[in-house]
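Results of the structural survey
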Amino acid sequence: KMGIVGVRLQLELRGVPCLPLEMCPPPKKETCVSRSFGQAVTSLDELKEAIALRTTRLGEKLRLQQQAATLLQVFARTSAFDEKPYSNAVTLTLPTATNYTPELLEHALHGAEVIFQAGYRFKKAGVIAMGLLPETIEQGHLFELRRDRQRDRGLMSVIQGYFVLRCDVLC
């Protein structure tokens, strides 16, 4: 009477696995957003803008995965074929696990300032979220001001919904 779902339920209760492990992938351990530039980036403002765009996308990906980051790595590099190639990265520990875009941006833009070196022509930049946890886990921080995490989640879902709707209309 229950169809295939009932048959699988009976088999599972008897100890016969019906779903292969690949059907239930483990949660991601890190998420990366990086892109190469169409033209070389030479100023700190241009690098910060690029990092901000990638961090915004990273926040979207984390929310879709229902995860929050405890570490954030910001990196940038020149072309490997430049006369003087350069690459640098900084890993930042976040006070609390988060997928809240403004909080991620604050740390990522600080990271961009740390890794920027004048005189280089950057060709690629990105951000990597590491130490991922389920977004429902809330570990407080002794010196952090009390944040309304529920309000933050609501704000991000409204903003994300607006941009999805706008993209559907314009695209």
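First, a word on scope: everything that follows refers to the structure included in this document. Note that the structure is predicted; figures quoted are calculated from it, not measured.

Another aspect to go through is the overall build of the protein chain. What the protein chain contains, in helices and strands, is 4 helices and 5 strands. Secondary structure elements of the protein chain, listed N to C terminal, follow the sequence α-β-α-β-β-α-β-β-α. Taken across its 171 residues, the protein chain has 33% of its residues classed as buried. For the protein chain, restricting intrachain contacts to residue pairs at least 6 apart in sequence, the fraction spanning at least 24 positions comes to 77%. Looking at the protein chain as shown, the accessible area adds up to about 11500 Å², and 58% of this sits on carbon and sulfur atoms.

What follows concerns the packing of helix α2 (residues 44-65) against helix α3 (residues 101-115). Direction vectors running N to C along α2 and α3 enclose 145°, while the axes themselves pass 9 Å from each other. Two packed elements cross with a definite hand, and for α2 against α3 that hand is right-handed. Along its contact with α2, which presents L44, L47, K48, I51, A52, T55, T56, G59, L62 and R63, the element α3 presents T101, L104, L105, A108, L109, A112 and E113. Taken together, the residues of the contact of α2 with α3 sort by class into 10 nonpolar, 4 polar and 3 charged.

Taken together, the side chains of I4, V5, V7, L11 and V16 make up a nonpolar region of the molecular surface, amounting to roughly 410 Å² of accessible area. Along the chain, the position of V5 falls in helix α1 (residues 3-13).

Another aspect to go through is the nonpolar core. Judged by nonpolar contacts, the single largest core of 27 residues is most densely connected at F37, L47, I51, L58, L62, V74 and F122. Apart from residues no more than four positions distant in its own chain, F37 is found in contact with L47, A50, R54, F122, K123, K124 and A125.

The first and last C-alpha atoms of α2 sit 31 Å apart over 22 residues, in line with the 32 Å expected at 1.5 Å per residue. If you check which residues of α2 are buried, you get L47, A50, I51, R54, T55, L58, G59, L62 and R63.

Before going further, it helps to examine the environment of T136. With respect to the helices and strands, T136 occurs in the loop between β5 (133-134) and α4 (149-170). On a C-alpha basis, the gap between T136 and Q66 in space is 8.1 Å, while along the polypeptide they are 70 residues apart.

So, about unusual backbone geometry. Its identity is not glycine, yet Q66 carries a phi of approximately 55°, on the positive side. Looking at the element boundaries, Q66 is found in the loop between α2 and β2 (67-78).

Turning next to the side chain of T55. Note that T55 resides in helix α2. Residue classification places T55 among the buried residues on the basis of a relative accessible area of 0%.

You can see E60 is positioned in helix α2. For E60, a relative accessible area of 23% translates into the label partly exposed. Sequence spacing of E60 and Y100 is 40 residues, and the spatial spacing of their C-alpha atoms is 9.0 Å.

What counts and what doesn't
- Numbering of residues starts from 1 in each chain and follows the order in which that chain's sequence is written.
- pLDDT decides what is reported in this predicted model: residues at 70 or higher carry local features, side-chain atom pairs at 80 or more are listed and counted, and totals for whole chains, interfaces and linings draw on all residues regardless.
- Side-chain measures were taken over the full set of non-hydrogen atoms in the model, leaving aside hydrogen atoms and water.
- A run of H or I in DSSP counts as a helix once it spans at least four residues, and a run of E counts as a strand once it spans at least two, with each numbered from the N terminus.
- Working definition: with a 1.4 Å probe on protein chains only, accessible area under 20% of the residue-type maximum means buried, over 50% means exposed, and in between means partly exposed.
- For this analysis, residues touch if any pair of their heavy atoms sits within 4.5 Å.
- The Shrake-Rupley method, run with a 1.4 Å probe sphere, supplies the accessible areas, and residue values consider only the shown protein chains as cover.
- Throughout, an axis means a line fitted to C-alpha atoms (over the contacting stretch in the case of helices), and angles, computed between N-to-C directions, take values from 0 to 180 degrees.
- It is the rotation of the near helix from the far one that decides the hand of a crossing: anticlockwise by less than a right angle makes it left-handed, clockwise makes it right-handed.
- Only Asp, Glu, Lys and Arg are considered charged, only Ala, Val, Leu, Ile, Met, Phe, Trp, Tyr, Cys and Pro nonpolar, and every remaining residue, Gly among them, polar.
- Exposure above 30% relative accessible area and the absence of a salt bridge qualify a residue for a patch, where like charges join within 9 Å and nonpolar side chains (Val, Leu, Ile, Met, Phe, Trp, Tyr) within 5 Å.
- When a carboxyl oxygen of Asp or Glu lies within 4 Å of a side-chain nitrogen of Lys or Arg, that pair is called a salt bridge.
- Take the buried residues of types Ala, Val, Leu, Ile, Met, Phe, Trp, Tyr and Cys, join any two whose side-chain atoms come within 4.5 Å, and each joined set is a nonpolar core.
- To estimate how far a helix should reach, multiply one less than its number of residues by 1.5 Å.

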